[in-house]
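# An overview of the molecular structure
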Amino acid sequence: MKKLVTALLLVSTLAMALPQVPHETPKPRDFDFSQIRGIAIQDRGRIKPLESFAVDALLFVSNKRSWKGIEAVEVLFGWLISFDREWEDEQFIRIDHKGLKQELKIEVERNYFSPKELEGSTELSRLMRDAGDKDRRKERQTDIEKKAVTLQGQLNMLQAIVSGQAFNILPNPGGLDKPWFSIVSLTQGGEPVPYDQATLASTAEAVRLMLDAFISRDAAAWKSSADAVAVKVRQLAGGAYPTQNVLDREVSYQRSRPFHWSWIIYTLAFMVLMGGVIGRGPWWGRIGLGVLGVGFALHTYGFIVRCLIAGRPPVTNMYESVLWVTWGCLLFAFIIWAFYRNNVILIASTVFSIAGLVLGDNLPAVLDPGIHPLEPVLRSNFWLTIHVLTITLSYAAFAVSLCVGNVVLGYFLWRPSATEKIQNYTLYMYRAMQIGVVMLAAGTILGGVWADYSWGRFWGWDPKEVWALIALLLYLAVLHGRFSGWLKGFGFAAATVMSFLGVLMAWYGVNFVLGVGLHSYGFGTGGMSYVVAYLLVQLGFMAASYLRYRKAGASNAPLFPRNA
């Protein structure tokens, strides 16, 4: 990758003045980044603190929030200032797809590669041409081509940071919605900026001193110059700058990572609640409920803060929907628990919430955690709230029925004679399904209303619409089978668990497998191995339960206890 940092102020002169040293893995410096984290930057149409931009960029390029103990903001400045000396040979660009690595003729066993290894790749250029040709012809790209486009995006992001073009920290006095300017504008010959010469010169000097301090590894000079830059950019704004409270809120959100700590607390609650179930005493159950409540409160806090930051409900991409559905799963579990006071409802549902949050926390290449501006079709908070929240909450209720349904299958596998417990858990499963059916039906109808508002037709057999309808019909068939007597005992539990595959297809499959239709704002790639693994485990568990059930000669006892 070409060295583009020479466009920045006098940084090129400073870098040339430094002695040439052999490449070594970048190491953390004892710098104070507290001031620089909260500097506002414009990125893809949104004003955010530099902390968010740095975390998003590092996650996109490396799939990590920090690199070898170096926090994201410091990595960002390392790319900008000392890329050739410290980062060009560093293997930090993440490539997972085996097929893509084979096409690029790089080591398949490795997942991280250096910029130098990928520089000038003719194979990548060929894949990009093929992907571009298909895009122009409106043909579907192969998985390898999609991954090549993603890799090129990673390289473009890196190049924009190295060149300084991505550092749009110079505000536009005309308003927050106007285009901001990058620090390259401070150089001689940069793009025209609406600042007086004296202010421009003093800002350029402050930035030069800050970059000089980073190169010379002078922590004291860094802190004073970073403080000066923070003051200067606010002066350039002429009042058109986010308030410090708004910026600090997002910095706090990024650094506190509420959803990360939620799944950790949920895991602890799961273990304590299990202790109560296996006979450790009633206090274990009470303590477990308290711990679970703490995790749920933190989960809720994360949603509230994310809503305040984004100015909208947090359900506009797969990552946000995973967070929302896992939250809703525990919400409905708590509601059902309040009526029946059985901790197994919470234990089973917690497993789903832990799994979803762990995936969201560890798969940024699949589930993008960044907060981005809405697609035009989504810019109606009323319809977004009514339709999307309703239909995704139905997924949460069905997740509860799935989890409790697996508990029922577990009893058929290990304790098929425990008729009373099977009846009780079947009732809980049924209650969750009732909630889900009502919400999915309402959400599907409201989706048609929104489609008429946005696209001018109520129903168009779009894949997303079709699979939402299929999921609804599957659960209605299960309920009908229960009332008609076609499904009893094991059959009712198995049908309930298998019906969740319709939800999985409507939720994940349409966006990540089919990738066609008018709901293109939700499309993505990746995660297939995890979905396939779940399907295999689920089918294997159900088959084992069925074989044990048939061997035990269990009868189709009444579904619910008489006093239900």
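Since the model is a prediction, treat every value here as computed from it, not as a measurement. (Residues numbered from 1 in each chain as written. Predicted model: local features only at pLDDT ≥ 70, side-chain atom pairs only at ≥ 80, totals over all residues. Heavy atoms only, no water.)

## Things to note about the packing of aromatic side chains
Two aromatic rings, taken as a pair, are described by how far apart their centres are and by the angle between their planes. What counts, and what does not: Pairing of aromatic side chains here covers Phe, Tyr and the six-membered ring of Trp, requires ring centres within 6.5 Å, and sorts the geometry by plane angle: under 30 degrees stacked, over 60 edge-to-face, intermediate tilted. Only runs of H or I of at least four residues qualify as helices and only runs of E of at least two qualify as strands under DSSP, and these elements are numbered from the N terminus. Note on classification: 1.4 Å probe, protein chains only; a residue is buried when its accessible area is under 20% of the maximum for its type, exposed when over 50%, partly exposed between these limits. Only when the NZ atom of a Lys or the CZ atom of an Arg is both within 6 Å of the ring centre and within 35 degrees of the ring normal do we say a charge sits over the ring.
Evaluated as defined, the whole model comprises 35 aromatic pairs. Ring centres 5.5 Å apart and planes at 10 degrees place the aromatic pair Phe 296 and Trp 327 in the stacked group. You can see Phe 296 sitting in helix H14 (residues 282–310) and its partner Trp 327 sitting in helix H15 (residues 318–340), a full 31 residues away along the chain. Arranged with centres 5.5 Å apart and planes meeting at 80 degrees, the rings of Phe 412 and Phe 490 form a pair that is edge-to-face. One end of the pair, Phe 412, is in helix H17 (residues 381–414); the other, Phe 490, is in helix H20 (residues 489–514), and 78 residues separate them in sequence. On the accessibility criterion, Phe 490 (7% relative accessible area) is buried. Put simply, the rings of Tyr 253, Phe 259, Phe 296, Phe 303, Trp 324, Trp 327 and Phe 334 touch in pairs and so form one group of aromatic residues. Over the ring of Trp 283 we find Arg 286, and its NZ or CZ is 4.9 Å from the ring centre.

## Let's talk about the confidence of the model for the protein chain
For the record, the criterion: pLDDT is a residue-level measure of predictor confidence that goes from 0 to 100. Only heavy atoms enter the contact rule, under which two residues are in contact if any of them lie within 4.5 Å.
Residues with a pLDDT of 70 or more make up 88% of the protein chain, whose mean pLDDT is 86. Note on residues 1–23: pLDDT is under 50 here. Beyond four places in sequence and across chains, it has 46 contacts.

## A look at the pattern of salt bridges
For clarity, the threshold we go by: Each reported salt bridge corresponds to a side-chain nitrogen of Lys or Arg within 4 Å of a carboxyl oxygen of Asp or Glu.
Under the definition given, this model contains 25 salt bridges. Notably, a salt bridge pairs Arg 137 with Glu 139, separated by 2.9 Å at the nearest N-O pair. The partly exposed category is assigned to Arg 137, whose relative accessible area is 48%. Note that Glu 205 is salt-bridged to Arg 208, the shortest N-O span being 3.0 Å. Placement of the pair is Glu 205 and Arg 208 together in helix H10 (residues 197–216), with a separation of three residues, close to one helical turn. Since its relative accessible area comes to 36%, Glu 205 is described here as partly exposed. Where salt bridges share partners, they join Arg 37, Glu 51, Glu 71 and Arg 255 into one cluster.

## Focus on unusual backbone geometry
In this structure, Lys 138 takes a positive phi of about 60 degrees despite not being glycine. Locating Lys 138 in the fold gives a position in the loop between helix H8 (122–136) and helix H9 (143–163). A relative accessible area of 78% means that Lys 138 is categorised as exposed. Despite not being glycine, Arg 341 has its phi angle at roughly 55 degrees, a positive value. Looking at the secondary structure, you find Arg 341 in the loop between H15 and helix H16 (343–362). Overall, the relative accessible area of 57% leaves Arg 341 in the exposed class.

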